[in-house]
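# Tertiary structure, described
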Amino acid sequence: MPTYIRDGGVWKEVSGSSFTGNADTADQVSTGTTTGTGTYYPTFVNSNNSTRQNEFLYTDAGITYNPSTDSLGVSGDLAISGSLSGVEDLNGGPLAGFRNLAINGNFDILQRGTTNTGTVGVDGPFRVSDRWASGINPSAPAYSPSGSFTVSQENCTSTEFSYFNASFYQRLTHTNVNFGTNLNTSVNDATSVLAYQNIENASFVLGKTVTLSFWARASASTKIVSEQQIHSISSPIWTPTICKTFDLTTTWQKFTHTYTLPTYSQVIAAGYDPSTVNTTLTNPTYTPIGEDATLPLVDWLFQIDIKTAWCLGEWRRHGNAYSGSRPSGFEGTEQTLAEMQNMNNSFIANGYYDIAQIQLELGPVATPFELRPRIIERRLCERYYCEQQVELQGSASGYYALQRYNFPVPMRTVPNVANKVVGTLYFATVHEDAGSLTPSGFYFQILPTGPNGYVISRINSFSAEL
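Residues numbered from 1 in each chain as written. Predicted model: local features only at pLDDT ≥ 70, side-chain atom pairs only at ≥ 80, totals over all residues. Heavy atoms only, no water.

From N to C terminus, the protein chain includes five helices and 25 strands. Evaluated residue by residue, the protein chain yields a buried proportion of 46% over its 466 residues. Across the protein chain, the fraction of contacts at a sequence separation of at least 24, relative to all contacts at a separation of at least 6, is 73%. When the accessible surface of the protein chain is split by element, carbon and sulfur atoms take 50% of a total near 21,400 Å². (Helix = DSSP H or I, 4+ residues; strand = E, 2+ residues; numbered from the N terminus. Buried < 20%, exposed > 50% of the residue type's maximum accessible area, 1.4 Å probe, protein only. Contact = heavy atoms within 4.5 Å. Areas by Shrake-Rupley, 256 points an atom, 1.4 Å probe, with all protein chains shown as cover.)

Right, here's the structure in full:
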């Protein structure tokens, strides 16, 4: 194989066992003898390769470099262990579309409204951004919790654009929050959640390496934790959590968490019913449920949870002190007791936590945030929640009028229905808001009480959230 070196702007063939170019740029190439076996090919470098030995690329002929086009070719698989930069065009290429396993990670879709406020001890986490729940789990009334929290969609400004390109981010604001007790004690039902989402069909990630990435900041220096686990929809099987603690400042930072999920057999071996855990023990023990008690894999969910605080009892209940050691498939992934306590001690009782561009993807690398078309993101959300405006007019008093409505997409299951906006009724009563309700749709029926009775601008919500 001939080797070339650039000399005075001209590429010349070089023969012999050793040569060194004179330029201090990527135009220079160096090769030399070696005591190893096999064939070695040169690599082009960005600095003077005076020592020659430090810049060798040990490879085979599957890697080629074309100096005239400044392009690198790889004929085999390309394995990347570090960050992948300079590939923003992934959003417009063949890898675009569904790298992000989380839905609405850009907080663009908000069918329920742009803000909501809850009372600590009364309201639990609720949804503002579609698919994401945020807020504070009620503390036990005996502790007299107090304060409020607000979840809101915030508009990005030039500050955000200097870090990431998005239209919105989500904010969790705490106002005089007091859980009524020290969270570092065995309270069992107090947490503050910045964002969590349940992802259907966990079977496709079992045993796989995944990477969670997001941007975050807070009104003061504090700590948060990412917590991931597998659990089922209806059977009481949960796995120990996979955790990592992050340090937030008042400046936006991008955080990543790469880990490998347990295999099917490891889930079965470690799965337990959290209601049976004695959270007062230093090292609570768990009794695995066993394969006979589990439901089909389609019932398993993959939960990603980003918390701003959680009590000791809740921390233990989810398996972070599994008999003093982690079960197979979960080693090296726990949040330590000291980290949990430090997070609680830095909890912001008056202030905010911001989060943006949550992405969960297969593989060990956090790629640029995936920008799916907004209509596709909305349709993904509407599998779990949608709203339908219904309007209907009858011809005569005492004669029912009925109309069938189909959902934008089939919902995950038969949804729960609630009236969001009463609408205007004129000589009519609503007889059936959601008759023959299925994942595909429903019928709406009124009973006119006078000539040409009608209802307009009535809005019902349908939820099949996990």
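Once the structure has been displayed, the description carries forward.
It is worth spelling out helix 4 (residues 337–345) at this point. Among the residues of helix 4, those classed as buried are Met-340, Met-343 and Asn-344. Down the axis of helix 4, the smallest arc covering the buried residues is 95°, so these residues share one side. Where the residues of helix 4 are buried, they touch strand 14 (222–232), strand 17 (300–310) and helix 3 (312–317). (Arc of directions from axis to C-beta.)

So, about the environment of Val-421. Its location among the elements puts Val-421 in strand 21 (residues 416–421). Residues Val-421 and Arg-458, spaced 37 residues apart in sequence, show a C-alpha to C-alpha distance of 5.4 Å.

Strand order in this open sheet of six strands is 7-10-11-18-13-16, and the pairing throughout is antiparallel. Since the sheet does not close on itself, it has two edges, and those belong to strand 7 (115–119) and strand 16 (253–260), each with one partner. Neighbour-to-neighbour, the strand axes of this sheet turn through a mean angle of 20°, independent of strand direction. By the bridge criterion, eight bridges tie strand 13 (residues 209–218) to strand 18 (residues 351–362) in an arrangement that is antiparallel. The residue of strand 18 that forms the bridge with Ala-218 is Tyr-353. (Pairing = 2+ DSSP bridges. Axes fitted to C-alpha atoms, helices over the stretch in contact; angles between N-to-C directions.)

Those residues of helix 5 (residues 374–382) that sit buried are Glu-377, Cys-381 and Glu-382. An end-on view of helix 5 places all buried positions within 140° of arc, on one side of the element. Buried residues along helix 5 sit in contact with strand 19 (385–393).

The subject of this paragraph is the packing of aromatic side chains. The final tally for this structure, using the stated rule, is 17 aromatic pairs. When the centroid spacing of 6.0 Å and the interplanar angle of 45° are considered together, the rings of Phe-107 and Trp-132 count as tilted. Taken together, the positions of Phe-107 in the loop between strand 6 (71–74) and strand 7 and Trp-132 in the loop between strand 8 (126–127) and strand 9 (133–136) put the pair 25 residues apart, joining distant regions of the chain. Take Trp-132: its relative accessible area is 1%, and that puts it in the buried class. Taken together, the ring pairs in this structure connect Tyr-163, Phe-164, Tyr-169, Trp-215 and Trp-252 into an aromatic cluster. The ring of Tyr-352 carries Arg-171 above its face, with NZ or CZ at 3.7 Å from the centroid. (Phe/Tyr/Trp six-rings, centres within 6.5 Å; stacked < 30°, edge-to-face > 60°. Lys NZ or Arg CZ within 6 Å of the ring centre and 35° of its normal.)

With that settled, consider a nonpolar patch on the surface. A surface patch of nonpolar side chains, amounting to about 370 Å² of accessible area, comprises Ile-63, Leu-72, Val-74 and Leu-78. Relative to the helices and strands, Leu-72 resides in strand 6. (Patch = residues over 30% accessible without salt bridge, like charges linked within 9 Å, V, L, I, M, F, W, Y side chains within 5 Å. Salt bridge = Lys/Arg side-chain N within 4 Å of Asp/Glu carboxyl O.)

Attention now goes to the nonpolar core. Within the largest apolar cluster, 53 residues are counted, with the highest numbers of intra-cluster contacts made by Phe-214, Ile-224, Leu-248, Phe-302, Tyr-353, Ile-358 and Leu-360. When neighbours within four sequence positions are excluded, Leu-248 is seen to be in contact with Ala-216, Arg-217, Ala-218, Ala-220, Ser-221, Thr-222, Ile-224, Gln-253, Phe-255 and Tyr-353. (Core = buried A, V, L, I, M, F, W, Y, C linked by side-chain atoms within 4.5 Å.)

So, on to the environment of Met-340. Looking at the element boundaries, Met-340 is found in helix 4. Owing to a relative accessible area of 0%, Met-340 belongs among the buried residues under this scheme. Separated by 117 residues in sequence, Met-340 and Lys-223 have C-alpha atoms that sit 9.2 Å apart. Leave out the neighbours within four places in its chain, and Met-340 touches Asn-184, Trp-310, Leu-312, Trp-315 and Gln-335.

The tally for this structure, following the rule as stated, stands at 22 salt bridges. Between Glu-361 and Arg-99 there is a salt bridge, and its shortest N-O distance comes to 3.9 Å. With Glu-361 in strand 18 and Arg-99 in the loop between strand 6 and strand 7, the pair connects residues that are 262 residues apart, well separated along the chain. The class of Glu-361 is buried, set by a relative accessible area of 3%.

Now for the sheet that holds strand 23 (residues 428–435). Across the sheet, which stays open at both edges, the three strands sit in the order 20-24-23 with antiparallel pairing between neighbours. On the outer flanks of this sheet lie strand 20 (401–406) and strand 23, each paired with one strand and no other. Averaged over all adjacent pairs, the angle separating strand axes in this sheet is 20°, with direction ignored. Note that strand 20 and strand 24 (residues 441–448) share six bridges and pair antiparallel. Across the sheet, residue Asn-406 finds its bridge partner in strand 24, namely Gly-441.

Here the focus is the side chain of Asp-130. Position of Asp-130 among the secondary structure elements: in the loop between strand 8 and strand 9. What makes Asp-130 buried here is its relative accessible area of 0%. Engagement of the side chain of Asp-130 in a polar contact is seen with the side chain of Gln-111, the distance being 2.7 Å. Apart from the residues within four sequence positions on either side, Asp-130 is in contact with Ile-103, Asn-104, Ile-109, Leu-110, Gln-111, Arg-112, Cys-381 and Tyr-385. (Polar contact = N/O pair within 3.5 Å; in protein donor to acceptor, adjacent residues only side chain to side chain.)

Time to look at unusual backbone geometry. At Arg-131, a residue that is not glycine, the phi angle is positive and equals roughly 75°. Tracing the backbone shows Arg-131 in the loop between strand 8 and strand 9. Owing to a relative accessible area of 1%, Arg-131 belongs among the buried residues under this scheme. Its identity as a non-glycine residue notwithstanding, Phe-427 has a phi of 50°, on the positive side. Assignment of secondary structure puts Phe-427 in the loop between strand 22 (424–426) and strand 23.

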